[in-house]
Amino acid sequence: LDVIFENRVDNLVRDEVDIAVRVLPTPPDNLVARHMGEMNYVACASIDYAGQNMLPQQPEDLRHVPLITSGVVGKQGDVRKEIRLEPSLISEHFPFLRQGIMAGLGVGIVPDYVIRAEVERGEVVTTLRDWRLSIFGNHMYLLWMPNRHQTKAVRTMISFLLEQSQLAGNLPALD
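A. Inspection of the overall build of the protein chain at higher detail. Within the protein chain one finds four helices and ten strands. Considering only contacts within the protein chain whose residues lie at least 6 apart along the sequence, 74% involve residues at least 24 apart. Of the accessible surface of the protein chain, which amounts to about 10600 Å², a share of 49% is contributed by carbon and sulfur atoms.

B. How the structure looks around the pattern of salt bridges. Under the definition given, this model contains six salt bridges. We note a salt bridge from Asp112 to Arg116, for which the minimum N-O separation is 3.7 Å. Placement of the pair is Asp112 and Arg116 together in helix H3 (residues 112-120), with a separation of four residues, close to one helical turn. Here Asp112 and Arg116 have matching classes, each one buried. The network of salt bridges with shared partners includes Arg98, Glu118, Arg121 and Glu123.

C. Summary view of unusual backbone geometry. Its identity as a non-glycine residue notwithstanding, Leu128 has a phi of 55°, on the positive side. Along the polypeptide, Leu128 turns up in the loop between strand S8 (124-127) and strand S9 (132-134).

D. How the structure looks around empty space enclosed by the protein. Taken as a whole and judged by the stated rule, the model has one cavity of 30 Å³ or more. Within this model, the largest cavity holds a volume of roughly 40 Å³. Lining the largest cavity are Asp18, Trp144, Met145, Arg148, His149, Gln150 and Val154. Per-class residue counts for the lining of the largest cavity are three nonpolar, two polar and two charged.

E. Fine view of the packing of helix H2 (residues 94-102) against H3. For the pair H2 and H3, interaxial distance at closest approach is 10 Å and the crossing angle is 35°. Once H2 is placed against H3, the crossing between them reads as right-handed. Counting all contacts with H2, which are made through Phe94, Arg98, Ile101 and Met102, the residues of H3 involved are Tyr113, Val114, Ile115 and Glu118. Residues of the contact of H2 with H3, tallied by class, amount to six nonpolar, no polar and two charged.

F. Layout of the nonpolar core. One finds Ile19, Leu62, Val107, Ile109 and Leu142 to be the most contacted residues of the largest nonpolar core, which totals 26 residues. At the level of elements, strand S1 (19-24), strand S2 (32-38), strand S3 (41-46), strand S7 (107-111), strand S10 (139-144) and helix H4 (152-168) are the ones that each hand at least two residues to this core. In this structure Val107 touches Ala43, Cys44, Ala45, Tyr49, Leu55, Pro56, Leu62, Val65, Pro66, Leu67 and Ile68, once residues within four positions along its chain are discounted. Core analysis: the next-biggest nonpolar cluster, separate from the first, contains eleven residues, Cys44, Ile68, Phe94 and Val110 among them.

Parameters and conventions
Residues numbered from 1 in each chain as written. Predicted model: local features only at pLDDT ≥ 70, side-chain atom pairs only at ≥ 80, totals over all residues. Heavy atoms only, no water. Helix = DSSP H or I, 4+ residues; strand = E, 2+ residues; numbered from the N terminus. Contact = heavy atoms within 4.5 Å. Areas by Shrake-Rupley, 256 points an atom, 1.4 Å probe, with all protein chains shown as cover. Salt bridge = Lys/Arg side-chain N within 4 Å of Asp/Glu carboxyl O. Buried < 20%, exposed > 50% of the residue type's maximum accessible area, 1.4 Å probe, protein only. 1 Å grid on protein atoms, 1.4 Å probe; cavity = no way out; pocket = protein on both sides within 12 Å on 5 of 7 lines; lining within 4 Å. Points joined across faces, edges and corners; volume = space filled by probe spheres on them. Nonpolar A, V, L, I, M, F, W, Y, C, P; charged D, E, K, R; others polar. Axes fitted to C-alpha atoms, helices over the stretch in contact; angles between N-to-C directions. Left-handed = near helix turned anticlockwise from the far one by under 90°. Core = buried A, V, L, I, M, F, W, Y, C linked by side-chain atoms within 4.5 Å.

Below, the structure is given as C-alpha cells:
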C-alpha cells in the first residue's frame, strides 16, 4: 500500500490513488462512496491558553483570537452562519494543528477525534459547544474509482477501514 496523508485528492485517476478517506458535505457522483460516519468539529484550546485568555463565546468571537484551523462555518439549528476568518496557523494536517493547540498558540477548530485524548486528560478545554462547526463538511466517506481493479491489499484495506469506522461510531462524542 502506498499511503498519502493529505486532505486533497481531487482526481483519484490522475493521482493514481486506489482509495481515499475524505470529509465532504456530499460525495462526488463519479466515485464509489461509503459513508464512514459523522464528523464533529470542536473549538478548543490548551488549559494554559484558556487560563490566560477569554475563550470565544459566539462564533463571531473567533475573529478576535489567534486561530488554528482552515476556513470554518458555524451552524446552529436551521440557521447557518458563515464567518470569514483569518487563521494565525493554517494547515490541513491535523496532527500539526494539535501540536499548535497544545503549545498554547490559540484556539483550534479540529475534528473531535484529533484532540479527544487531550480533552479527556483535562489538557484541553472546548468552547462553542452549542454550535455545529464545519471546515470541509460533516460526513466522512471512503472513496474509490468504480471500475478500477482492486488488489487484495486494497480490498482488505477497504474492509478494515469500514469495520473500524463502525467500531468508532460507538464512541461517545465530546460534550
